Amino acid sequence: MKIKNICCIGAGYVGGPTMAIIAQKSPEITVTVVDINEKRIAAWNDEDVNNIPIYEPGLADVVAEARGRNLFFSTDVDKAIDEADMIFISVNTPTKTYGIGKGMAADLKYIELCARQIARVAKTDKIVVEKSTLPVRTAEALKNILDNTGNGVNFQILSNPEFLAEGTAVSDLHKPDRVLIGGDLDTDEGKEAIQALVDVYAHWVTKDNILTTNVWSSELSKLTANAFLAQRVSSINALSELCEQTGADIKEVAKAIGMDSRIGPKFLQASVGFGGSCFQKDILNLVYIAKSFGLNEVADYWEQVIIMNDHQKRRFAAKMVKTLYNTVSGKKIALLGWAFKKDTNDTRESAAIYVADYLLIEQAELVIYDPKVNKEQILADLDCLGTRSEEENRANITVVNNAMDAANDAHAIAIMTEWDEFKALDWEQVYNDMLKPAFLFDGRRLLDRHELEAIGFEFYAIGS
Ligand code: NAD
Ligand code: UGA
């Protein structure tokens, strides 16, 4: 079976980039990305391709190449479902904020709505692909909904989790370590559906890098991959605190252990804590699933990764307060970076939000700068926490358009995101503009201690 028409429901950080690459690499397949968010779709269709809603290095060029040729963005979900022979579901699966599993389980209401809409609209056989990250055995529920409310058409369900990381999405998609496809390996129809999706990826991914498994292994592998990655960050962050007590340096420790080929060098960068929309959500989901099977030791083991991460964010803010003579009340503190990592405009679960919140509770006055995040988003992130009123947030936060402005008369600066431009700042000028003593807190191990201390800064870096 040859796929000619793909629909993707959800034009977010996953749906947008993944479909742009499929369209770029498969000119004979029509790819339509749909979303109920009209503003988002309008931005994807903006004449100036630099205004697409997601900032990812290289993405605008890919969209410019394929958009209008075989890549389309639309709010007409029914039409795109009707015309497609393969439908990707890339909608959000946030942590539940209500009812059973509140604060842990994945909220599957958006997934279910998609399934019901596909069931209602589809008049021809479809392959439905889970692209969103889902709890193991979700495909079973999807199949039930599709088979019981459909118009007598056949659905094959595949799991094809996405492993791209934000900030490097285009290169991750162009050269994935692996593409994982889970399907029904026991039936001819199942194998045919798997092959159809393998053929889509085979446009640019070598066969050796396309892995096929049963659906449940595929679903669980995605949660497991994120849990392992986050666990490495929490492990190195746990030891960063011990380094600070003992005179060891976490960068040197990371290098020393990372050279062991069994451990490897990646994901050993100590930080103020991991953020992003997925690590915390997916681990909480894993913990919830383990608990629901009565596997309490398994649940506790993985929950510790989150507990450590929360501790790291709190401890960074507490270190700032303690260093600034135990009070930041009325002091001007500049936060450089708001995105959860460099090269993205995504701020979901960014450590900066929580550090800012702790400092605001201590009555600090914050000046914030991020190269890709605007004032509206920063204020919205803090308003969402509900710690204080919108008026209070606006009274105590200034958002500026460049890092130098943030430094003016500041008591302290904290590096929250590892943007390259912070490395290249004129730190002598920054020092001159600040109140003395000038405190600099590096939450990302971005800067060189010797250089900054030579300028005159009181310098603290996580893990040293
Ligand atoms: P997102 O919030 O950026 O995008 C989801 C989009 O789906 C939104 O624009 C929303 O309006 C739309 N949507 C929701 N319900 C809809 C419906 N019924 N019909 C049409 N559109 C609908 O989310 P995201 O970051 O792209 O993540 C999507 C999924 O992919 C999640 O399950 C996430 O865990 C997973 N994932 C994300 C990343 C990442 O880097 N962000 C990486 C791998 C996997
Ligand atoms: C992560 C995974 O890396 C992707 O494979 C996965 O597809 C994605 O989650 C997802 O499912 O959403 P992402 O969150 O975009 O990708 O970015 P990462 O590079 O993993 O960084 C996550 C957080 O950990 C960031 O805040 C980053 O600064 C932090 N981090 C990462 C560290 O503090 N230290 C490190 O060594 C690595």
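Look above for the structure.
Please read these numbers as outputs of a predicted model, since none were measured by experiment.

Visitor: When you look at the site of ligand 2 in this model, what are you seeing that I'm missing?
Guide: Residues in contact with ligand 2 amount to 20 residues; listed here are only the nearest, F163, L164, S271, C278 and R444. Between ligand 2 and the protein, one listed contact pairs an oxygen atom with a side-chain N or O atom of N226 at 2.8 Å. Relative to its unbound accessible area of 690 Å², ligand 2 is 90% covered by the protein chains. Tallied by class, the residues present in the shell around ligand 2 amount to 11 nonpolar, four polar and five charged.

Visitor: For this particular structure, what's the right way to read the site of ligand 1?
Guide: Near ligand 1, the surroundings consist of 25 residues, among which D35, R40, T93, E166 and K281 are the closest. In this structure, an oxygen atom belonging to ligand 1 sits 2.9 Å away from a main-chain N or O atom of Y13. The side chain of R40 places a nitrogen or oxygen atom 2.7 Å from an oxygen atom of ligand 1. In the complex, the protein chains occlude 92% of the 830 Å² of accessible area that ligand 1 would expose alone.

Visitor: Whenever I open this one, the sheet that holds strand 9 (residues 332–336) confuses me. Can you help?
Guide: The pairing of strands in a sheet comes from backbone hydrogen bonds and takes either a parallel or an antiparallel form. Strand order in the open sheet made by the six strands is 11-10-9-12-13-14, with parallel pairing throughout. On the outer flanks of this sheet lie strand 11 (397–399) and strand 14 (458–461), each paired with one strand and no other. Recorded for the sheet is a direction-independent mean angle of 20 degrees between the axes of neighbouring strands. With three bridges joining them, strand 10 (residues 365–369) and strand 11 adopt parallel strand pairing. In the strand pairing of strand 11, V367 is matched with T398.

Visitor: Any chance you could explain unusual backbone geometry here in plain terms?
Guide: Most peptide bonds are trans, and most residues other than glycine sit at a negative phi. Cis geometry is found at the peptide bond from K436 to P437, where omega equals -5 degrees. Position of P437 among the secondary structure elements: in the loop between helix 18 (427–433) and strand 13 (439–442). Although it is not a glycine, Q363 sits at a positive phi angle of roughly 65 degrees. On the secondary structure map, Q363 appears in the loop between helix 13 (351–361) and strand 10. The class for Q363 is exposed, based on a relative accessible area of 54%. Positive phi is not limited to glycine here, since D409 has a value of about 60 degrees. Using a relative accessible area of 47% as the deciding quantity, one classes D409 as partly exposed.

Visitor: Explain helix 8 (residues 188–201) to me, please; I cannot follow it from the model alone.
Guide: Along an α-helix, residues three or four apart share an orientation, since each turn contains 3.6 residues. Helix length check: helix 8 (14 residues) gives 20 Å between terminal C-alpha atoms against 20 Å at 1.5 Å per residue, within 8%. Among the residues of helix 8, those classed as buried are G190, A193, I194, A196, L197, V198, V200 and Y201.

Visitor: Quick question: what am I supposed to make of the nonpolar core here?
Guide: Nonpolar side chains in soluble globular proteins tend to be buried together. Ranked by size, the top nonpolar core spans 66 residues in total, and within it F316, I333, L335, L336, W338, L366 and W427 carry the most contacts. With seven residues, helix 13 is the single largest residue contributor to this core. Counting residues in hydrophobic clusters, the runner-up holds 46 residues, among them A11, L71, A193 and V198.

Conventions adopted
- Residues numbered from 1 in each chain as written.
- Chains lettered and ligands numbered in written order.
- Predicted model: local features only at pLDDT ≥ 70, side-chain atom pairs only at ≥ 80, totals over all residues.
- Heavy atoms only, no water.
- Near = heavy atom within 4 Å.
- Polar contact = N/O pair within 3.5 Å; in protein donor to acceptor, adjacent residues only side chain to side chain.
- Areas by Shrake-Rupley, 256 points an atom, 1.4 Å probe, with all protein chains shown as cover.
- Nonpolar A, V, L, I, M, F, W, Y, C, P; charged D, E, K, R; others polar.
- Pairing = 2+ DSSP bridges.
- Helix = DSSP H or I, 4+ residues; strand = E, 2+ residues; numbered from the N terminus.
- Axes fitted to C-alpha atoms, helices over the stretch in contact; angles between N-to-C directions.
- Buried < 20%, exposed > 50% of the residue type's maximum accessible area, 1.4 Å probe, protein only.
- Expected span 1.5 Å × (residues − 1).
- Core = buried A, V, L, I, M, F, W, Y, C linked by side-chain atoms within 4.5 Å.

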